[in-house]
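Geometric and topological summary
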There are 4 protein chains.
Amino acid sequence: MIRVGIVGGTGYTGAELLRLLVQHPQARLAVITSRAEAGQPVAELFPHLRGHLDLSFSEPDIELLATCDLVFFATPNGTAMRMVPELLAQGVRVIDLAADFRLKDPAEWERWYGMPHGCPELLAEAVYGLPEVNRAAIRTARLVANPGCYPTAITLGFLPLVESGAIDPTWLIADAKSGTSGAGRKAEIGLLMAEVGESFKAYAVSGHRHLPEILQNLRLFAGAEVDLTFVPHLVPMIRGIEATLYARLINEGQDLLGLYQDRYAGEPFVDVMPRGTPDTRSVRGSNHCRIAVARQGRTVIVQAVIDNLVKGAAGQAIQNMNLMFGCNEGLGLNTLALLP
Amino acid sequence: MIRVGIVGGTGYTGAELLRLLVQHPQARLAVITSRAEAGQPVAELFPHLRGHLDLSFSEPDIELLATCDLVFFATPNGTAMRMVPELLAQGVRVIDLAADFRLKDPAEWERWYGMPHGCPELLAEAVYGLPEVNRAAIRTARLVANPGCYPTAITLGFLPLVESGAIDPTWLIADAKSGTSGAGRKAEIGLLMAEVGESFKAYAVSGHRHLPEILQNLRLFAGAEVDLTFVPHLVPMIRGIEATLYARLINEGQDLLGLYQDRYAGEPFVDVMPRGTPDTRSVRGSNHCRIAVARQGRTVIVQAVIDNLVKGAAGQAIQNMNLMFGCNEGLGLNTLALLP
Amino acid sequence: MIRVGIVGGTGYTGAELLRLLVQHPQARLAVITSRAEAGQPVAELFPHLRGHLDLSFSEPDIELLATCDLVFFATPNGTAMRMVPELLAQGVRVIDLAADFRLKDPAEWERWYGMPHGCPELLAEAVYGLPEVNRAAIRTARLVANPGCYPTAITLGFLPLVESGAIDPTWLIADAKSGTSGAGRKAEIGLLMAEVGESFKAYAVSGHRHLPEILQNLRLFAGAEVDLTFVPHLVPMIRGIEATLYARLINEGQDLLGLYQDRYAGEPFVDVMPRGTPDTRSVRGSNHCRIAVARQGRTVIVQAVIDNLVKGAAGQAIQNMNLMFGCNEGLGLNTLALLP
Amino acid sequence: MIRVGIVGGTGYTGAELLRLLVQHPQARLAVITSRAEAGQPVAELFPHLRGHLDLSFSEPDIELLATCDLVFFATPNGTAMRMVPELLAQGVRVIDLAADFRLKDPAEWERWYGMPHGCPELLAEAVYGLPEVNRAAIRTARLVANPGCYPTAITLGFLPLVESGAIDPTWLIADAKSGTSGAGRKAEIGLLMAEVGESFKAYAVSGHRHLPEILQNLRLFAGAEVDLTFVPHLVPMIRGIEATLYARLINEGQDLLGLYQDRYAGEPFVDVMPRGTPDTRSVRGSNHCRIAVARQGRTVIVQAVIDNLVKGAAGQAIQNMNLMFGCNEGLGLNTLALLP
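Predicted model, so just to flag it, every value in this text is computed and none were measured.

Cut-offs used in this document
- Residues numbered from 1 in each chain as written.
- Chains lettered and ligands numbered in written order.
- Predicted model: local features only at pLDDT ≥ 70, side-chain atom pairs only at ≥ 80, totals over all residues.
- Heavy atoms only, no water.
- Least-squares fit on C-alpha atoms with pLDDT ≥ 70 in both.
- Salt bridge = Lys/Arg side-chain N within 4 Å of Asp/Glu carboxyl O.
- Helix = DSSP H or I, 4+ residues; strand = E, 2+ residues; numbered from the N terminus.
- Buried < 20%, exposed > 50% of the residue type's maximum accessible area, 1.4 Å probe, protein only.
- UniProt positions renumbered as here; feature names shortened; annotations may be inferred.
- Contact = heavy atoms within 4.5 Å.
- Buried area = accessible area lost by both parts, 1.4 Å probe.
- Arc of directions from axis to C-beta.
- Core = buried A, V, L, I, M, F, W, Y, C linked by side-chain atoms within 4.5 Å.
- Domains from an automatic or database assignment.
- Axes fitted to C-alpha atoms, helices over the stretch in contact; angles between N-to-C directions.
- Parallel < 35°, antiparallel > 145°, perpendicular 65-115°, else oblique.
- Left-handed = near helix turned anticlockwise from the far one by under 90°.
- Nonpolar A, V, L, I, M, F, W, Y, C, P; charged D, E, K, R; others polar.
- Pairing = 2+ DSSP bridges.
- Phe/Tyr/Trp six-rings, centres within 6.5 Å; stacked < 30°, edge-to-face > 60°.
- Lys NZ or Arg CZ within 6 Å of the ring centre and 35° of its normal.
- Polar contact = N/O pair within 3.5 Å; in protein donor to acceptor, adjacent residues only side chain to side chain.

Next up on the list: the relation of the copies chain A and chain D. Once chain A is rotated about the relating axis by 180 degrees and shifted along it by 0.0 Å, it coincides with chain D to within an RMSD of 0.0 Å. Taken together, these values place the two copies in the relation of a two-fold axis. Measuring from the rotation axis to each C-alpha of chain A, the shortest distance belongs to Pro236 of chain A, at 3.2 Å.

This part is about the pattern of salt bridges. Here the structure, examined in full by the defined rule, presents 85 salt bridges over all chains. Across the pair Arg185 of chain B and Glu195 of chain D runs a salt bridge whose closest N-O atoms are separated by 3.4 Å. A residue pair is termed interchain when its members come from two chains, as with Arg185 of chain B in the loop between strand 7 (172-178) and helix 8 (193-196) and Glu195 of chain D in helix 8 (residues 193-196). Glu195 of chain D sits in the buried class, given a relative accessible area of 10%. Ionic pairing is found between Arg19 of chain D and Glu16 of chain D, a salt bridge with its closest N-O pair at 2.6 Å.

All names here are of chain A. According to UniProt, the "active site" (unreviewed entry) feature falls on Cys149. Note on placement: Cys149 falls in helix 7 (residues 149-164). Not counting the four nearest positions on each side in its chain, Cys149 is found in contact with His210, Ile241, Ile306, Asn308 and Gly312.

Looking now at the interface of chain A and chain D. Contacts between the two partners involve 47 residues from chain A and, on the opposite side, 47 residues from chain D. A combined buried area of about 3800 Å² lies between chain A and chain D, and 54% of that area is made up of carbon and sulfur atoms. Of all residues in chain A, Trp171, Glu198 and Gln296 of chain A bury the most surface against chain D, accounting for 20% of the area lost on that side. Summed over the shared surface of chain A and chain D, the result is 6 salt bridges. For the salt bridge of Lys177 of chain A with Asp175 of chain D, the shortest nitrogen-to-oxygen distance reads 3.2 Å.

Residues and elements named next belong to chain A. Along helix 4 (residues 80-89), the residues that are buried comprise Ala80, Met81, Met83, Val84, Leu87 and Leu88. In an axial view of helix 4, the angular spread of the buried residues amounts to 160 degrees, which keeps them on one side of the axis. Opposite the packed face of helix 4, turned more than 90 degrees from it, sit the exposed residues Arg82 and Ala89. Following helix 4 by one or two positions, Gly91 adopts a phi angle in the positive range, close to 85 degrees.

What follows covers the nonpolar core. All names here are of chain A. Counting residues in hydrophobic clusters, the biggest one holds 70 residues, and the most contacted among them are Phe101, Ile154, Phe158, Leu161 and Leu228. Looking at which element gives the most residues to this core, the answer is helix 7, with 9 residues. Taken domain by domain, this core gets at least three of its residues from each of domain 1 (2-125) and domain 2 (150-308). Leaving out residues up to four positions away in the same chain, Leu161 has contacts with Ala166, Ile167, Ala247, Leu256, Leu259, Tyr260, Val300 and Val302.

Residues and elements named next belong to chain C. Direction vectors running N to C along helix 6 (residues 131-140) and helix 11 (residues 310-324) enclose 40 degrees, while the axes themselves pass 9 Å from each other. With respect to their mutual orientation, helix 6 and helix 11 come out oblique. Judged by the sense of rotation from one axis to the other, the crossing of helix 6 with helix 11 is right-handed. Two secondary-structure elements touch here, helix 6 through Pro131, Glu132, Arg135, Ile138 and Arg139 and helix 11 through Lys311, Gln316, Gln319, Asn320, Leu323 and Met324. Among the residues making up the contact of helix 6 with helix 11, the classes are represented as 4 nonpolar, 3 polar and 4 charged.

Let's shift gears to the sheet that holds strand 8 (residues 201-202) of chain D. All names here are of chain D. Pairing in this open sheet of 7 strands is mixed, and the strands run 8-9-7-10-13-12-11 from one edge to the other. In this open sheet, the two edge strands, each paired with only one partner strand, are strand 8 and strand 11 (270-272). Pairing analysis gives 8 bridges linking strand 10 (residues 241-248) to strand 13 (residues 299-306), with the strands arranged antiparallel. Within strand 13, the residue paired with Leu245 across the bridge is Val302. Strands strand 11, strand 12 (289-296) and strand 13 of the sheet are contacted by helix 10 (residues 256-264), whose axis makes an angle of about 160 degrees with strand 12.

Here the structure, examined in full by the defined rule, presents 12 aromatic pairs over all chains. Measuring from centroid to centroid gives 5.4 Å for Tyr150 of chain A and Phe230 of chain A, while their planes differ by 70 degrees, and the two rings are edge-to-face. Taken as a pair, Tyr150 of chain A in helix 7 and Phe230 of chain A in strand 9 (residues 228-234) lie far apart in primary sequence, 80 residues in all. As far as burial versus exposure is concerned, Tyr150 of chain A and Phe230 of chain A are alike and both buried. Between the NZ or CZ atom of Arg248 of chain A and the centre of the ring of Trp171 of chain D, over which it lies, the distance is 4.6 Å.

Looking now at the environment of Asp255 of chain D. Residue and element names in this part refer to chain D. One can find Asp255 in the loop between strand 10 and helix 10. With relative accessibility at 48%, the residue Asp255 sits in the partly exposed group. C-alpha of Asp255 to C-alpha of Ala145: the two residues are 110 residues apart in sequence and 34 Å apart in space. A polar contact of 2.9 Å, which involves the side chain of Asp255, links it to the backbone nitrogen of Gly258.

Next up on the list: unusual backbone geometry. Residue and element names in this part refer to chain B. The residue after Leu339, namely Pro340, is reached through a cis peptide bond having omega 5 degrees. Considering the arrangement of structural elements, one finds Pro340 in the segment after helix 11 (310-324). Within the chain, Ala204 stands out as a residue other than glycine whose phi angle is a positive 50 degrees. Looking at where Ala204 falls in the secondary structure, it is placed in the loop between strand 8 (201-202) and helix 9 (210-222). Residue class for Ala204 comes out partly exposed when judged on its relative accessible area of 32%.

Residue and element names in this part refer to chain C. Strand order in the open sheet formed by 6 strands is 2-1-3-4-6-5, with parallel pairing between adjacent strands. Whereas interior strands pair on both sides, the edge strands pair on one side only; in this sheet they are strand 2 (27-33) and strand 5 (127-128). Of the pairings in the sheet, the one linking strand 1 (residues 2-7) to strand 2 comprises 6 bridges and is parallel in character. Its bridge partner being in strand 2, Arg3 is matched across the sheet by Arg28.

Have a look at this one:
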């Protein structure tokens, strides 16, 4: 049994970790911390866990967390970097679901997150937790930087095109759409049902924090400079990300479906559809990324969908945990999407 | 392994049976029929099953179905009654998710469903599949009539009050609200998102087909005449039923919480909340019925929520299957609600 | 032209007043105050007003407000009572959309709103602004207490039954459902789309603040003691209230449709449907209350729908303004519901 | 008074025409036809019109329609072309809200709509009813082809860039998103709330019928060949289109905001936002197109929102009617967006 701790378990990412860990046959949730809710039973805050989890929130405490084999950070950006060095020193492995260890360049972190990086010495060691490209390194990692939700969908969507050199990497467009849970469980007027229901809009049109993470990925896989325009949008639904990606083919005759099927053959959580378009509900609650490819003339159009809280956050973290602890990669992640 | 067949697998109840059966460790789905989709792979119609189910729809065929240990009917009302006698004769056990065998009185059937009953001789034998009241009979039943969605929520909500004689049974009010999946996967203008989204209404205000089923239940448990007013409403959401029930206490000092906790102690799928109100999302995708009780003066107010497709249909059917075949009652039904 | 001021124009009630006033041919919005947004153009906060309203929020200031003929308070409960006496003294008429002047008994106010009433001497004078019962008094009122949203729907729904003595007033049930805009434009986790979307629940089951207001109305019209159970629910939609009301007929042969049609003949904003059930979308954006009546045995079932922000708040306030200033009662309120 | 007829008034476009015409001071709706609903009062089908419209559907009849000054066709594609010649011959002017007269090349029509054009001789005369580019011609037109919803948003969004030569017209991307009312009031499973609610997807990824219409527009204004990739998406909401448009600037220093403000100065129904991003709710129920521009490096990002049923259909048709009959262009179109 893997003895697991969660720091910051009151947001949506934390709640989703709870759902998946409670059902995981090889993990046991031992500690969950929340400064604001310390002392309260978890199932009071999240009634869907009543009868499934008999645990209360505790104060964040390194001693307590150090009793775990693995600690997940489901905290706001900038929190994990303050606690991770001590945990690693005590032999605890860490998966950070925030952005603290995703960018390799601390200057980029500071530019996009508005604060100096508190722990730049760990950036080189941290493994970017996208199993489809980093499986081997994840297995042995002490510290995994779990990818962002948009970067997961967009990277998996562009990967076969960029790796293979099938497209011109200097004009890529990623038009991505997310349900509102992606913005977190925060008391903000802009996230009220009466504000975002029955409406649709773009946001962060001049530059979103996930852009440098996506660029870092694509540059690595392209082995070349990449120019990407990324625009996120807010969809009046709770879960799901759809990314529609545009690129220009070098060779108009390229076998796109074959390219994608070959790249993702054997991947347990990437499904390439031979026809049709994926809808986000087909992955609601599931750890799958479902992809379809089409073209209009020389333009490739990739559609990739994930559940932002599962493959885009907590599910991918469990997938990484399974790799780190030698479990079957899909253990505890077999639940089907909830449809309708 | 229980060899299972489904007749009529293209509706929401059928899709939910598929989701639960694919994940069930002791059942193997062998046959699924649909006249309209015969020959088509199931995962073409329901992409969330891609990679999880390698089966095609076949024509409804008694021979084929007779190879199963158990056949579920997820068909329109009036279909099962035409095929069930032959299946029983061949030793196949049956769970009907439609209304065909729910009402004991064939005249009541004819009155509410507008056609003569095709198989009245089986009505006495058919066991009403509500485990919380009929567990023993279900275990040995050949034919189980799976309860309707409203009747499940309303019966479980009223049961402790009615059984115990704590309230006056001659004026009960059930104000129930359902998501739109309860109306089925049917091409009707009245169910379009542009018609039912962002709106709320009552329907069938003068009498809904589930009324006689609820009355049959309550009369049985009350051992007395019951007068119930039942009004269903349509909620702009996909899954979930909430029933707010009103009754008048005989004894104003009645310990309501204790009454409910005692009645449902040990029930694996009924959760009585000691405080707070249940929301439908707390059971989304789960087989639980979650209940709270409150009062205003002498009026008891019960709130009961279920997922209409799970405890209100397919999940309860699996619970019944488990009982019929000697499995642990909750086998394959442990997935937590998907929240948010 | 009526020179109009609004105190507290940044909530949904304020926004709706703006929408209606901008389109009103006899009113001119001269002042709108908001402490938090002082100095900001209104159309920056509410882009749908761009090009229609060239006005900025100003600090709440009695001098400025005293230049108006009429001031609307769209403030939290307890604010208007501190400013109204001074405005009345300066000859300004007032419509308060909060609860400050709705309850005649200051002890009831204190019990339900948790603070002593700051201005009990005006309670007797304040006119309850429900035109269907108080039209004459509203015309000459200095101070109008605009009704709450639930009380508007429930009072209009019960009124013909209670006034006529057709039902037993000692067991009335009001099961009411509201869209989330009714809870206001407040930064609360409980109102996020990810919390209230795709879910349904009751709330305030043991007693909601609107209960004493409804009771005060019904007792007045019944001329007798009234016993009402009132349970509100939250619907995953933005606008709309539906109230399903239950009462027991004295005389089972009562002509219900005739009773309602007679009572509301000539009422410009109450529509009694001869058949069918009203849905909330049929009044979305409109000032109408639409009502249908049905029965099951001796139980009358009334369904009443309003838009909580229009007939339940700002629209009714404009209707009252029209009466107070001798305009046609429906002036500026003719826009049809937005359907679909 | 303009005497108006509507052919095919039972869809969402027809319903929206009704809403706008009932409130129009210079138009009188005299005839509305529907084969399926002939004889039924309009307000039975659309209860929000109760008390506002006392008219019944009649059989489609040329004699009757010929008594009108203007006939709107809100019919499926391919219907208007069979009736329009006769109406024009009798001196009736026509606005077709379907696609029959939008494409100038009958071969293109046949390719995209799958049937030969029944009236190619009128294609040259038909005026494309986008006032922002064709105002003068619309005033004197006998036959106006009202633009499609996607083409309206995308054409207005690209127009200043394409006309001015500020961008490279050979790689344009239009990623557009629509609420479900855009698909019409049709009994299709794919439009049920339980299918499209809480989900998001692309559709018609290899080519949508609106593509040739958009290309025809852009080529005309560019005076050059244009290469456009257009992908529509379905949003879980009822009303609204958002189009996010991508193009590459010729001159990186281009003043984008100035370009848009200059082009649309004086346009009553195009609003260029100096900052922020437009959301679809800011035009819900309104005839405005609201636009913002941004950039990432050399990529221009235009966001354009409309209400698909108003500026994208019925509202634009009324705007065209006003021009054709010498009314103020905005007459009857002044209602503000309904927000929230």
